[in-house]
Amino acid sequence: MPVTGQQPGKRTGRDETEEERADRMWVELIQEVRVAQTGVQILFGFLLTVVFTPRFLQLEDTERSIYVVTVVLGACATGALVGPVSLHRMVAGRRVKPQAVRWAAKLTLVGLVLLLATMASSLLLILRVATHGTFVPWLVTAVVAWYLLCWFALPLWARRRHTTR
């Protein structure tokens, strides 16, 4: 059924209730979170094992500090990206899915920012240990800029450019 002022047969969006929209958005969000969760969990698991390797004892104080920061960032990213699952489980059946989708989306965004920071600090640590080069901060900065472009700038540009008012 066309909305007033629309051409017959031309739709401008989905015809769904708030609950149907929340259900659809929840499924989409969980699919997105699965990708990020897998990456952060593998990275975090790897980081947890590093401290038990013989090479860890040879790290300088700066590298150990970077390692601690990286592990804490990884733990926080894991928490934020697993959070939507816990949130859903705790509020399921309480008729708050639209609000839960918004909260879970915010947690996911925080998790992505923390994942970016975890990956940047991991890269910094690895490149410092592997090369001891003065170019390492510049290389890490370039990679972070790439992440920012791919993860935030391009999606925000697309949203602004292609969202109808």
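I will try to describe carefully the structure that is included in this document. Sequence positions are assigned chain by chain, starting from 1 and proceeding in written order. For this predicted model, a pLDDT threshold of at least 70 governs which residues receive local features, and a threshold of 80 or more governs which side-chain atom pairs are given and counted, while totals over whole chains, interfaces and linings are taken from all residues. Side-chain metrics in this entry use all non-hydrogen atoms of the structure; hydrogen atoms and water are not considered.

### Description of the nonpolar core
- Definition of nonpolar core: a set of buried residues of the types Ala, Val, Leu, Ile, Met, Phe, Trp, Tyr and Cys, connected through side-chain atoms within 4.5 Å. Using a 1.4 Å probe on the protein chains alone, a residue whose accessible area is under 20% of its type maximum counts as buried, one over 50% counts as exposed, and one in between counts as partly exposed. Ranked by size, the top nonpolar core spans 11 residues in total: Leu43, Phe44, Leu47, Val50, Phe56, Leu59, Ile66, Tyr67, Val71, Leu125 and Val129.
- Where this core is concerned, the elements lending two or more residues are helix H1 (18-50), helix H2 (61-91) and helix H3 (97-131).
- With residues near it in sequence (within four places) discarded, Phe44 still touches Val71, Gly74, Ala75 and Thr78.
- Leu29, Ile30, Leu87 and Ala104 belong to the second largest nonpolar core, which has 10 residues in total. Each helix is a run of DSSP H or I of at least 4 residues and each strand a run of E of at least 2, with the numbering of both proceeding from the N terminus. Note on definitions: a residue-residue contact is assigned when non-hydrogen atoms from the two residues lie within 4.5 Å.

### What to know about the pattern of salt bridges
- Salt bridges are counted wherever a side-chain nitrogen of Lys or Arg sits within 4 Å of a carboxyl oxygen of Asp or Glu. This structure, assessed with the given rule, holds four salt bridges.
- Measuring nitrogen to oxygen at the nearest pair gives 3.2 Å for the salt bridge that ties Arg24 to Glu28. Note that Arg24 and Glu28 are positioned in helix H1 at a spacing of four residues, about one turn of the helix.
- The exposure class assigned to Arg24 is partly exposed, which follows from its relative accessible area of 22%.
- By relative accessible area, Glu28 is classed as partly exposed at 34%.
- Measuring nitrogen to oxygen at the nearest pair gives 2.9 Å for the salt bridge that ties Arg128 to Glu63. Taken together, the positions of Arg128 in helix H3 and Glu63 in helix H2 put the pair 65 residues apart, joining distant regions of the chain.
- Note on Glu63: relative accessible area 3%, which makes it buried.
- Three or more residues joined by partner-sharing salt bridges are found here, namely Glu16, Arg24 and Glu28.

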